[in-house]
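Chain residues, written in single-letter form:
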Amino acid sequence: MESPHLPAEKNVTFKFPVSTSSLDFIRALARHPRCGLVISHLDGSSLSRQVLLEVGLHLGPRLDSLALPGSSVTEASLLGLLPHLTGLRMLDLQGLDSLFMSGAFLSREEQRRQVQNALRNLEELDLSDLRYLSDLSFNRLTSCTPRLRSLSLAGCHIAFEFDPYRGCPVGFGSSALVSLRNLLSLLQKQASTLHSLDLSRTSITPESLRSIAQVPGLRLEDLSLRGCKELTDYSMEILCKQQNGLRTLDLRACTELTSRTVLAVATELKELRSLSLSQDWKITDKGLAELMTLPCLRSLDLSECLHVSGADLGKGLSSPQPRAQLETLSLRNCTYIRDTVMFSLTQLLGCNLRELDLTSCVCLTDLSVRAIATYLPALVVLRLGWCKEISDWGLLGMVEPTKDCEPRDKEEDKGPSFTRTFGNMGFFQPPSLPFQERPRLVTEEDLGAFKEHQEGASLLALRGLQELDLSACSKLTDTSITQVLRFPDLQHLSLSMLPEISDDSLVSVAYHCRSLTSLALSHCPQISDQGMARALPLLHRLQHLFLACCDAVTNETLSIISLHCDRLRTLDVSMCKDITVHQVDLLQSRLPFLEKVQCRFANGADFTMVL
């Protein structure tokens, strides 16, 4: 583990597992005025206790945030540390059931007083996925954190019992579960400071949500209700009226909600910036036009909303009144999305959009790719995985010569005609391409025409791309990959399941995209050791490499990785028949940061190494 070398004024979060080398690493952090830690794999061992002791001794009041994922830390170890962390602003105890199983956490008055003195300025508390969090433990802990801004109880077992006759929560709290009554009590006490609440994956009922929304003085800005399957449109209408200052609302997988909720959001939440409706399967286009009139809306997730076609998004965005300026849009698995809709959306979204996810929009063709390249120059993230109709022509920004592009009836007005470079066009309805016909391959003459124009509507126009997913776009070949994938800032690239690409594509990508930290080439049968030998020396920043089912990759590639990929953290060589377990073991001994190797069925073996 390397010692940190960062500007003293920079507040950085460091992530590492418990090990003997982490002791020296913690001591080296002492010269930084502020930092955060994510320490994994803590347990009841003497080494874990020593790590926490060093954190308290050397960082103490300079520690800004602390998270302990995948740990089984003891109560004594944590309570020995917390009193030293007087400057802590964020504490993540997600999934640490070992602390709360006995029900005695913070049961001693002296302990509570010490922890309260340390955590009096804590702003963020994450108690997600705690199966044994009781009313008593919850009250003791939150009494030490009087100025919370953010609280997460996602995945916790909460007793949302409600008396329909009295209109209030029942009981006086449970020793086994956090009760709605106690949660409401906390919200009332800290209403003036608490602005973010996460109740995802809980059994919250419509009545309970209405009760929370109506807490006097509570003004939530961020609310997550992902996976709360009992919620109804009526409860959401009440929420939107009572908490109309919401800026972020996550309703993913709330499967009973319909477009009534969308209309309520559009009507009441005028300050909303981010909305996720992913997997809300009853959502249709209804209400989306009104949603686009929210002037502050910047992020919209409609992934897996199977009945959304996108037509009403265009209607709303074309409204003359103030409208959403979307920076992030996800339409993943919206299979009704067509080229005509994408042409309208790209021109309406224009220079604001930075992230676009069209994964598994299976009806999109090269026409949509050219529209994206022409009208969305500020894109940083583009995901087109499983859009199987996309071909080399689309990436090159050229129109495949075909008789179907010509008007069938000279007297019929077909709108603007296409040019080979496609750029700078107005609104129009694109003609459809026959999916059943085998596409004509790009020739050397076609490439010559492309090189004359270079950009036009090719992906080359997206100069700032940092993430690109072309997985399973099986019509793509070396022809477009070698000519178009030239992005100096690209960090994440997936070319998995492209059977036609070879080492030529790999070497070209390595030469032109040297900032890559993640590269996926799984199920690319023509990628070989020879391509790896030429490419990997150019990819000095590579941290994640996926080569599953690459039959031409052998142990030689592992030797190349050990020489040139000293930052590698994740490697997948599953089902590579010529990769041996012995060579994987040898690789692990040579790469200091390697954390996980997937090698299921590699050379007949079936296991995963977590290092």
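Bear in mind that the values here come from a model prediction, so they are computed numbers and not experimental data.

A.B. asks: Please explain the overall build of the protein as it appears in this structure.
C.D. replies: The number of helices and strands found in the protein is 21 helices and 25 strands. Here the protein holds 611 residues, and 54% of them are scored as buried. Of the accessible surface of the protein, which amounts to about 26,300 Å², a share of 49% is contributed by carbon and sulfur atoms.

A.B. asks: I'm lost on the pattern of salt bridges in this one. Help?
C.D. replies: Two side chains with opposite charge may pair up if their charged atoms get near one another. What the rule picks out here adds up to 21 salt bridges. Salt-bridge contacts for Lys-315 lead to Asp-312; the nearest nitrogen and oxygen are separated by 3.7 Å. Of this pair, Lys-315 and Asp-312 both sit in helix 12 (residues 311-317), three residues apart, roughly one helical turn. With relative accessibility at 55%, the residue Lys-315 sits in the exposed group. Glu-467 is the salt-bridge partner of Arg-383, the closest N and O atoms lying 2.9 Å from each other. On the criterion of sequence distance, the pair formed by Arg-383 in strand 18 (residues 381-383) and Glu-467 in strand 19 (residues 467-469) is long-range, its members being 84 residues apart. Among the charged side chains, a salt-bridge network with shared partners connects Glu-304, Arg-332, Glu-355, Asp-357, Arg-383 and Glu-467.

A.B. asks: Would you explain unusual backbone geometry in this entry?
C.D. replies: As a rule of thumb, non-glycine residues mostly have phi less than zero, and peptide bonds are mostly trans rather than cis. Of note in the backbone geometry, Gln-279 takes a positive phi value of approximately 65 degrees without being a glycine. If you trace the backbone, Gln-279 turns up in the loop between strand 14 (274-276) and helix 11 (288-291). Taking relative accessible area as the criterion, Gln-279 reaches 26% and is therefore assigned partly exposed. Even without a glycine there, the phi angle at Trp-386 is positive, about 70 degrees.

A.B. asks: How should I be thinking about the packing of aromatic side chains in this particular structure?
C.D. replies: Aromatic ring pairs are defined here through the distance separating the ring centres and the angle between the ring planes. Applying the stated criterion across every chain yields a total of three aromatic pairs. Here the aromatic rings of Phe-14 and Phe-25 are separated by 5.6 Å at their centres, their planes lie at 80 degrees, and the arrangement is edge-to-face. Of the two residues, Phe-14 sits in strand 1 (residues 12-17) while Phe-25 sits in helix 1 (residues 21-28), which places them eleven residues apart along the sequence. Comparing Phe-14 with Phe-25 shows no difference in burial state: the two are buried. A centroid spacing of 5.3 Å and a plane angle of 70 degrees characterise the contact between Phe-16 and Phe-25, whose relative ring orientation is edge-to-face. On the basis of relative accessible area, Phe-16 is assigned to the buried category, the value being 3%. Owing to a relative accessible area of 9%, Phe-25 belongs among the buried residues under this scheme. Grouping aromatic residues by their ring pairs yields a cluster made of Phe-14, Phe-16 and Phe-25.

Rules used throughout
Residues numbered from 1 in each chain as written. Predicted model: local features only at pLDDT ≥ 70, side-chain atom pairs only at ≥ 80, totals over all residues. Heavy atoms only, no water. Helix = DSSP H or I, 4+ residues; strand = E, 2+ residues; numbered from the N terminus. Buried < 20%, exposed > 50% of the residue type's maximum accessible area, 1.4 Å probe, protein only. Areas by Shrake-Rupley, 256 points an atom, 1.4 Å probe, with all protein chains shown as cover. Salt bridge = Lys/Arg side-chain N within 4 Å of Asp/Glu carboxyl O. Phe/Tyr/Trp six-rings, centres within 6.5 Å; stacked < 30°, edge-to-face > 60°.

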